[in-house]
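The residues making up each chain are set out below.
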Amino acid sequence: MSARLKNSVLACLFMSVAASPVIAAEPLQSEESMSPALPEILSLREQAKIHDEALIERFETVLPKLMRDNDIDMWVIIAREYNEDPVITTMLDAKNMRARRRTILVFFDPGKGKPIERLVVSKHGMNGMFEAAWDMNKYPNQWDQLKEIIADRDPKKIAINTSELTAFADGLTHSQYIGFMSSLPSGMDSRVVSAYPLAVGWLETRTPSEMERYQEMVRVAHAIIGEGFSGKVVKPGVTTNEDLVWWYRQRVNDLGLGSWFHPSVEVTRKGVEGVMRGKPAVIEKGDMLRVDFGIVYNGYSTDTQHVAYVLRDGEIDAPEGLKAGLAANNAVQDALTSSFKAGRTGNEILRLAREKAIAKGLRPTIYSHPIGYHGHGAGSSIGLSENQVMVPRGEYPVYANTAWSIELKATKKVPEWNNQDVDFKSEEDAFFDGKKVRYVDGRQTKFHLIKAE
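Note that the structure is a prediction, hence the values are computed from the model and not measured. (Residues numbered from 1 in each chain as written. Predicted model: local features only at pLDDT ≥ 70, side-chain atom pairs only at ≥ 80, totals over all residues. Heavy atoms only, no water.)

### Examining the confidence of the model for the chain
Step number 1: Within the chain, residue pLDDT values average 91, and 92% of them lie at 70 or more.
Step number 2: Per-residue pLDDT stays below 50 along residues 1-32; that stretch engages in 86 contacts with residues further than four places along the chain or on separate chains. (pLDDT = per-residue confidence, 0-100. Contact = heavy atoms within 4.5 Å.)

### Some remarks on empty space enclosed by the protein
Step number 1: Scanning all chains against the criterion turns up 3 cavities of 30 Å³ or more.
Step number 2: The volume enclosed by the second largest cavity comes to roughly 60 Å³.
Step number 3: Lining the second largest cavity, in full, are L203, E204, R206, P370, I371, G372, Y373, H374, G377, A378 and A403.
Step number 4: Here the lining of the second largest cavity is built from residues that sort into 6 nonpolar, 3 polar and 2 charged. (1 Å grid on protein atoms, 1.4 Å probe; cavity = no way out; pocket = protein on both sides within 12 Å on 5 of 7 lines; lining within 4 Å. Points joined across faces, edges and corners; volume = space filled by probe spheres on them. Nonpolar A, V, L, I, M, F, W, Y, C, P; charged D, E, K, R; others polar.)

### A few points about unusual backbone geometry
Step number 1: Residues other than glycine seldom take positive phi values, yet N401 does so here, at roughly 65°.
Step number 2: Along the chain, N401 falls in the loop between β13 (369-370) and β14 (402-414).
Step number 3: For N401, a relative accessible area of 0% gives the class buried.
Step number 4: At N418, a residue that is not glycine, the phi angle is positive and equals roughly 60°. (Helix = DSSP H or I, 4+ residues; strand = E, 2+ residues; numbered from the N terminus. Buried < 20%, exposed > 50% of the residue type's maximum accessible area, 1.4 Å probe, protein only.)

### Some points on the nonpolar core
Step number 1: Within the largest apolar cluster, 72 residues are counted, with the highest numbers of intra-cluster contacts made by W75, F107 and W202.
Step number 2: Ranked by the residues each element gives to this core, the list is headed by helix α6 (residues 208-228), at 8 residues.
Step number 3: Counting 23 residues, the second largest nonpolar core, distinct from the first, contains I104, L119, W143 and I149. (Core = buried A, V, L, I, M, F, W, Y, C linked by side-chain atoms within 4.5 Å.)

### Let's talk about the layout of surface pockets
Step number 1: The volume enclosed by the largest pocket comes to roughly 960 Å³.
Step number 2: Residue lining of the largest pocket: 33 residues in total, with H51, T89, V296, N298 and G299 positioned closest to the centre.
Step number 3: For the lining of the largest pocket, the secondary-structure elements that each account for two or more residues are α2 (44-69), α6, β9 (296-297) and β10 (300-301).
Step number 4: Ranked by the residues each element gives to the lining of the largest pocket, the list is headed by α2, at 8 residues.
Step number 5: Tallied by class, the residues present in the lining of the largest pocket amount to 14 nonpolar, 13 polar and 6 charged.
Step number 6: Of the volumes computed, that of the second largest pocket is approximately 410 Å³.
Step number 7: Lining the second largest pocket are 22 residues, and of these Y367, H369, H376, S385 and E407 lie nearest its centre.

### Focus: the sheet that holds strand β1 (residues 74-80)
Step number 1: On the basis of which strands lie adjacent, the open sheet formed by 6 strands has the order β4-β3-β2-β1-β5-β6 and mixed pairing. If you trace the sheet from one side to the other, it starts and ends with β4 (131-132) and β6 (192-194), each paired once.
Step number 2: Pairing between strand β2 (residues 102-108) and strand β3 (residues 117-121): 5 bridges, direction antiparallel. For I104, the partnering residue across the bridge sits in β3 and is V121. (Pairing = 2+ DSSP bridges.)

### Observations concerning the pairing of β1
Step number 1: With respect to burial, β1 is a largely interior element, 6 of its 7 residues being buried.
Step number 2: Pairing of β1 with strand β5 (residues 158-160) involves 2 bridges; the strand directions are parallel. In the sheet register, M74 faces β5, and the bridge partner there is I158.
Step number 3: As defined by bridge partners, β1 adjoins β2 across 7 bridges and the pair is classed as antiparallel. Bridging across to β2, I77 finds its partner in L105.

### Some points on the packing of helix α3 (residues 142-153) against helix α4 (residues 174-183)
Step number 1: The contact between α3 and α4 brings their axes to 9 Å, and the two run at 50°. Regarding the angle of α3 to α4, the classification is oblique. As for how α3 packs across α4, the hand of that crossing is right-handed. Residues W143, L146, K147 and I150 of α3 form the contact with α4, whose own contacting residues are Q176, G179, F180 and S183.
Step number 2: Class assignment of the residues belonging to the contact of α3 with α4 gives a composition of 4 nonpolar, 3 polar and 1 charged. (Axes fitted to C-alpha atoms, helices over the stretch in contact; angles between N-to-C directions. Parallel < 35°, antiparallel > 145°, perpendicular 65-115°, else oblique. Left-handed = near helix turned anticlockwise from the far one by under 90°.)

### Observations concerning the packing of aromatic side chains
Step number 1: The tally for this structure, following the rule as stated, stands at 15 aromatic pairs.
Step number 2: Between Y214 and Y300, the aromatic rings sit 6.3 Å apart at their centres with planes inclined by 90°, giving edge-to-face as the arrangement. Taken together, the residues span a long stretch of sequence, with Y214 in helix α6 and Y300 in strand β10 at a distance of 86 residues. Neither Y214 nor Y300 differs from the other in exposure class; each is buried.
Step number 3: Relative to F293, the ring of Y248 has its centre 5.2 Å away and its plane inclined at 45°; by these criteria the two rings are tilted. Placement of the pair is Y248 in helix α7 (residues 241-254) and F293 in strand β8 (residues 288-293), with a sequence separation of 45 residues. Of the two residues, Y248 and F293, both sit in the buried class.
Step number 4: The ring of Y373 is capped by R206, whose NZ or CZ atom sits 4.8 Å from the centre of that ring. (Phe/Tyr/Trp six-rings, centres within 6.5 Å; stacked < 30°, edge-to-face > 60°. Lys NZ or Arg CZ within 6 Å of the ring centre and 35° of its normal.)

### A word on the pattern of salt bridges
Step number 1: Tallied over the entire structure, the rule returns 27 salt bridges.
Step number 2: Ionic pairing is found between R191 and D154, a salt bridge with its closest N-O pair at 2.6 Å. Taken as a pair, R191 in the loop between α4 and β6 and D154 in the loop between α3 and β5 lie far apart in primary sequence, 37 residues in all.
Step number 3: Residue class for D154 comes out partly exposed when judged on its relative accessible area of 44%. (Salt bridge = Lys/Arg side-chain N within 4 Å of Asp/Glu carboxyl O.)

### A look at the environment of R80
Step number 1: Checked against the element boundaries, R80 lands in strand β1.
Step number 2: Separated by 23 residues in the primary sequence, R80 and T103 place their C-alpha atoms 6.2 Å from one another.
Step number 3: Residues in contact with R80, not counting those within four places in the same chain, are A99, R101, R102, S175 and Q176.
Step number 4: In terms of polar contacts, R80 uses its side chain to reach the side chain of S175, at 3.4 Å. (Polar contact = N/O pair within 3.5 Å; in protein donor to acceptor, adjacent residues only side chain to side chain.)

Right, dumping it as structure tokens:
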């Protein structure tokens, strides 16, 4: 990357990436049963309709604001089949599942409040969502067509997806970068800038209609977790944590959904230091289980961690010490979500949240991240499990209309377990509307209880 382009990237770091403030719908449930009924999974045809409607809405609302806020009048996104850019995969309609040979998308703002032009330089087109812009008879070479498009519009700034700061804005491969730069009209090299603020803003910004659907996606994830944390699936003394892991993978697959990571189930047991994870451990009565689980549904990801307790004979609830640990976890969640403020960096939010939690006598570890198209999504970072002071990605501001995985743990001694130190971990998907953080489908405040059947 040239020094000029690198400086452009850094200069863009704190430019606004959020679209116009939107008012979140009220998709949030009150805290309810830990095992909700599984919603009906939409057919692929129904999902496709929703997907395309949402994409057009984003092109007409989110994209213009981002381009104008960042003073960029042209954005060129280039990708080849099976090596798609992280951004272009979120801009393909439901029938175009790949870039198809080489696909070039061009967004141009003509100014004066006119709509953003959406052009596609590809022989396959984009089902009417973009204007087909390649005259193959006139320009057999695709790059020559792109050159004419740029020359005719004479943009002041041409943004491309190259960035040292994040992979989400660094999807332009070396060969395609060379092809693009070679296709520029004479004298326009100096107009090329990083699309860093556009790419991150596009990926992290959520619309009201997206959040209405997101609730159902998270509800599906909660329902599957509840199914697995039951006596129908877990047989104490027989079922291993790895059995349960693969039950979750299979259940997701059977429902026609996707997994963006392999789930995990760890076992915490009285008298055993740390957790049992990584190799099969038979689940016993009296164990605390923690699942880390995420699905992909209609292009969006969820990320959830819940805990369960395997009842001993005669028990009807988890021990008070374990319940106190879960309550401590909820208190750390509150310290974090109350620290959100639009414009604060992730590192600032981390510091404030930790100060609040520690002042209450809690032992917090915070490692929350954005979520949306990607599980570990574009945007700021609020801590890492191994870094509770300053995370480089955490220097990026937090914006309104973004979705988050509120991921963290509270460490607490459990009296019934001889004051053993236990980590109480959780992860719940939430939405920040610029004023407050709200859980998309509630949060866990009670243990899933597993009773032998």
